[in-house]
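# Architecture at a glance
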Amino acid sequence: MNQYKPEGILITNTKNYELTKNFEGLKYAMERQLILEATVVMCDHQFNLLVDLGSEIKGIIPKNEVVYTSSAEVKDIAILTRVGKSVCFKVIGFSHDVNGKKIAILSRRSAQKECIENYVTTLVPGDIIPVRITHIENFGAFVDIGCGITSLLSIDTISISRISHPSARISVGDFIYTVVKGKDELGRVFVSERELLGTWEQNAALFKVGETVTGVIRTVESYGVFVE
């Protein structure tokens, strides 16, 4: 079973909540190298992320532990966009602030590295995986395939019929299932939803002459109207 879920799923898990809200739970998670999830509440002037771990302990993801990447430096925008969102992480240590309050040092980078090594590298064309829509562009959508690792869902793979924009089918934050289409030479994964929606013939077979159905007007032409 895949344990590397898109960010935003694990945070609703009861065990995750229990482990992230006290020192003993976080220590337990560190000893066992468990991946946890919590919400980023702010980014400080040094681009470290402050994570909500309750009132007992502060959580900090240092700038160099926010993203697992092969590039020399993480872009500031990649850090700032995490504020207000759920992030996965591993606990890598503990410290204290100037007032003596415990600080948990967290690493999203370590969680992503493990996800790539144990999950992403094992994916093959045809695998059906859960993803979360993180960003939408005219040409498609970027999706989280696990622990915040992104993949492209191009516009021509979102629907079995032509659409002018991905927002006609999906919205940021949606959780959907996709099928792995392939990988490039850099190991990046490409996914599609189209194959899971059935063929035109399969969907047309669900209707019969004389049946009354609802639809959405997609295009109006001089000779008629296209209805989905």
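Residues numbered from 1 in each chain as written. Predicted model: local features only at pLDDT ≥ 70, side-chain atom pairs only at ≥ 80, totals over all residues. Heavy atoms only, no water.

A few words now on the overall build of the chain. Within the chain, the regular secondary structure consists of five helices and 12 strands. Projecting the C-alpha coordinates of the chain onto the three principal axes gives extents of approximately 75 × 35 × 30 Å. For the chain, the proportion of its 228 residues judged to be buried stands at 38%. For the chain, contacts bridging at least 24 residues in sequence account for 59% of all contacts bridging at least 6. Roughly 13,300 Å² of accessible area belongs to the chain as shown, and the carbon and sulfur atoms make up 54% of that amount. Taken together, the 25 basic and 27 acidic charged side chains of the chain have centroids lying 2 Å from each other. (Helix = DSSP H or I, 4+ residues; strand = E, 2+ residues; numbered from the N terminus. Buried < 20%, exposed > 50% of the residue type's maximum accessible area, 1.4 Å probe, protein only. Contact = heavy atoms within 4.5 Å. Areas by Shrake-Rupley, 256 points an atom, 1.4 Å probe, with all protein chains shown as cover. Lys, Arg positive; Asp, Glu negative; His and termini not counted. Charge placed at Lys NZ, Arg CZ, Asp CG, Glu CD.)

Considered for burial, the residues of helix α2 (residues 23-31) that qualify are F23, G25, L26 and A29. For α2, the buried positions fall inside an angular range of 165° around the axis, keeping them on one side. Away from the buried face of α2 by more than 90 degrees, exposed residues E24 and E31 are located. Buried-residue contacts for α2 involve α1 (14-20), β1 (36-43), β4 (86-96) and β5 (102-107). At the N-terminal boundary of α2, the capping side chain belongs to N22, with an oxygen 3.3 Å from the backbone nitrogen of E24. Of the residues trailing α2, Q33 is marked for its positive phi of about 55°. (Arc of directions from axis to C-beta. Polar contact = N/O pair within 3.5 Å; in protein donor to acceptor, adjacent residues only side chain to side chain.)

Turning our attention to unusual backbone geometry. At Q33, a position not held by glycine, the phi torsion is positive, near 55°. Mapping Q33 onto the fold places it in the loop between α2 and β1. One non-glycine residue with positive phi stands out, namely C147, at about 55°. The residue C147 is located in the loop between β7 (140-146) and β8 (149-154) in this model.

Turning our attention to the sheet that holds strand β3 (residues 58-61). Reading around the circumference, β1-β2-β3-β5-β4 is the order of the five strands in this closed barrel, with mixed pairing throughout. Direction aside, neighbouring strands of the sheet carry axes that sit 50° apart on average. α2 rests against β1, β4 and β5 of the sheet, and its axis sits at about 105° to β4. This element, helix α4 (residues 108-118), spans β3, β4 and β5 of the sheet and lies at about 130° to β4. (Pairing = 2+ DSSP bridges. Axes fitted to C-alpha atoms, helices over the stretch in contact; angles between N-to-C directions.)

A word on the nonpolar core. Counting residues in hydrophobic clusters, the biggest one holds 25 residues, and the most contacted among them are I129, I133, I145 and L153. When residues no more than four places from it in sequence are discounted, the contact partners of I129 are Y119, L123, I145, I176, Y177, T178, V180 and V191. One finds A29, V66, V74 and V87 within the second-largest nonpolar core, a separate group that totals 22 residues. (Core = buried A, V, L, I, M, F, W, Y, C linked by side-chain atoms within 4.5 Å.)

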